[in-house]
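Spelled out, the chains give:
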Amino acid sequence: MLRQRFESELHRLENEVLQLGYMVQRAVTNAVDYLRVHDLEGARQIIAEDMQINSKRFQIESDVLVLIATQQPMARDLRALAAILDIIRELERTGDYAKGISKINLSIGEQEFIKPLLDIPRMSTIAMDMLGRALKAYVEQDVEAARAIPLEDSQVDDLYNQVRHELMGLILADRSKI
């Protein structure tokens, strides 16, 4: 009976992790979309919704700790619960990126971009695809799929470095663009 209760609660927590992941995916995707079209109200909404992401993370964390304290999980179960704690921390941090993008959107306001906004949406698309596949690998416990995803991170890093280099060049060429 206790084992069934534990398994049921673990399954519920895994579903909560997925919900948090989808919240974060939506937040990042929307933040970049709002940046692209200078949607300042949308940016404010993303910033406000970050509280929900944070709250969800802390609720899951609390539920994991209660489960550990009340159910005395075995080693395998502890690893699953530790994974949940690690995943939700990373998801919440990714949600903070959506908030950061939205704050940048607000600071830019209606000003024109100093270069077309092409690479940042591309970075977001790649990163959110990776996140979606990571969540799928987590649910399916597909270790090979999970291990393959970080190998793709260089695509995002390359785009980031390209954008940074281009922006630095534009700013150095015309300091009024700072």
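In this text, all values refer to a predicted model and were calculated from it rather than measured experimentally.

Caption draft 1: Focus on unusual backbone geometry. At Q72, a position not held by glycine, the phi torsion is positive, near 45°. Following the sequence through the fold, Q72 ends up in the loop between α2 (40-71) and α3 (75-108). A relative accessible area of 70% means that Q72 is categorised as exposed. You will see that Q141, though not glycine, has its phi angle at about 50°, which is positive. Here Q141 shows up in the loop between α4 (119-140) and α5 (143-148). Judged by relative accessible area, Q141 falls into the exposed class, the value being 56%.

Caption draft 2: How the structure looks around the pattern of salt bridges. All told, the structure shown has 19 salt bridges when counted by the stated rule. As a salt-bridge pair, R57 and E61 come within 3.2 Å of each other at their nearest N and O atoms. Here the residue R57 and the residue E61 both occupy positions in helix α2, the gap between them amounting to four residues, near one helical turn. Residue classification places R57 among the buried residues on the basis of a relative accessible area of 12%.

Caption draft 3: Structural context of the packing of α4 against helix α6 (residues 153-173). Packing of α4 against α6 brings their axes to within 10 Å, and their N-to-C directions diverge by 160°. In terms of axis orientation, α4 runs roughly antiparallel to α6. Between α4 and α6 the crossing geometry is left-handed. On α6, the residues that touch D119, R122, M123, I126, A127 and M130 of α4 are D153, Q155, V156, L159, Y160, Q162, V163 and E166.

Caption draft 4: Region of interest: the environment of Y97. Along the chain, Y97 turns up in helix α3. With a relative accessible area of 48%, Y97 lands in the partly exposed category. Here the alpha-carbon distance between Y97 and M23, two residues 74 residues apart in the chain, equals 13 Å.

Caption draft 5: Spatial organisation of α2. With 32 residues, α2 ought to run about 46 Å at 1.5 Å a step, and its terminal C-alpha atoms sit 47 Å apart, in line with that. Of the residues flanking the start of α2, the one acting as N-cap is D39, its side-chain oxygen 3.2 Å from the backbone nitrogen of E41.

Caption draft 6: Geometry of the environment of E61. Classification of E61 by relative accessible area gives partly exposed; the value is 23%. C-alpha of E61 to C-alpha of R89: the two residues are 28 residues apart in sequence and 8.9 Å apart in space.

Caption draft 7: The confidence of the model for the chain, seen in detail. When pLDDT is averaged across the chain, the result is 94; 99% of the residues are at 70 or more. Averaged pLDDT values over the elements of the chain bottom out at 93 in α6 and peak at 97 in α2.

Caption draft 8: How the structure looks around the nonpolar core. Among the nonpolar cores identified, the biggest contains 30 residues, and L13, V17, L20, V24, I60, L81 and I84 are the most heavily contacted of them. Going through the elements one at a time, α1 (2-36), α2, α3 and α4 are the ones with two or more residues in this core. With 14 residues, α1 is the single largest residue contributor to this core. Beyond its immediate stretch of four places on either side in the chain, L13 contacts I60, D63, V64, L67, L81 and I84. In this structure, M130, I149, V156 and L159 belong to the second largest nonpolar core, which totals six residues.

Caption draft 9: Looking closely at α4. With 22 residues, α4 ought to run about 32 Å at 1.5 Å a step, and its terminal C-alpha atoms sit 31 Å apart, in line with that. Looking at α4, one finds that the buried residues are D119, P121, M123, S124, I126, M128, M130, L131, L135, A137 and Y138. In the stretch just after α4, Q141 is the one whose phi turns positive, near 50°.

Caption draft 10: Local environment of the environment of N54. By secondary structure assignment, the location of N54 is in helix α2. Remark: the alpha-carbon pair of N54 and G95, spanning 41 residues in sequence, is separated by 8.3 Å. If we ignore the near neighbours within four places in the chain, the residues touching N54 are E92 and D96.

Quick notes on the rules
Residues numbered from 1 in each chain as written. Predicted model: local features only at pLDDT ≥ 70, side-chain atom pairs only at ≥ 80, totals over all residues. Heavy atoms only, no water. Helix = DSSP H or I, 4+ residues; strand = E, 2+ residues; numbered from the N terminus. Buried < 20%, exposed > 50% of the residue type's maximum accessible area, 1.4 Å probe, protein only. Salt bridge = Lys/Arg side-chain N within 4 Å of Asp/Glu carboxyl O. Axes fitted to C-alpha atoms, helices over the stretch in contact; angles between N-to-C directions. Parallel < 35°, antiparallel > 145°, perpendicular 65-115°, else oblique. Left-handed = near helix turned anticlockwise from the far one by under 90°. Contact = heavy atoms within 4.5 Å. Expected span 1.5 Å × (residues − 1). Polar contact = N/O pair within 3.5 Å; in protein donor to acceptor, adjacent residues only side chain to side chain. pLDDT = per-residue confidence, 0-100. Core = buried A, V, L, I, M, F, W, Y, C linked by side-chain atoms within 4.5 Å.

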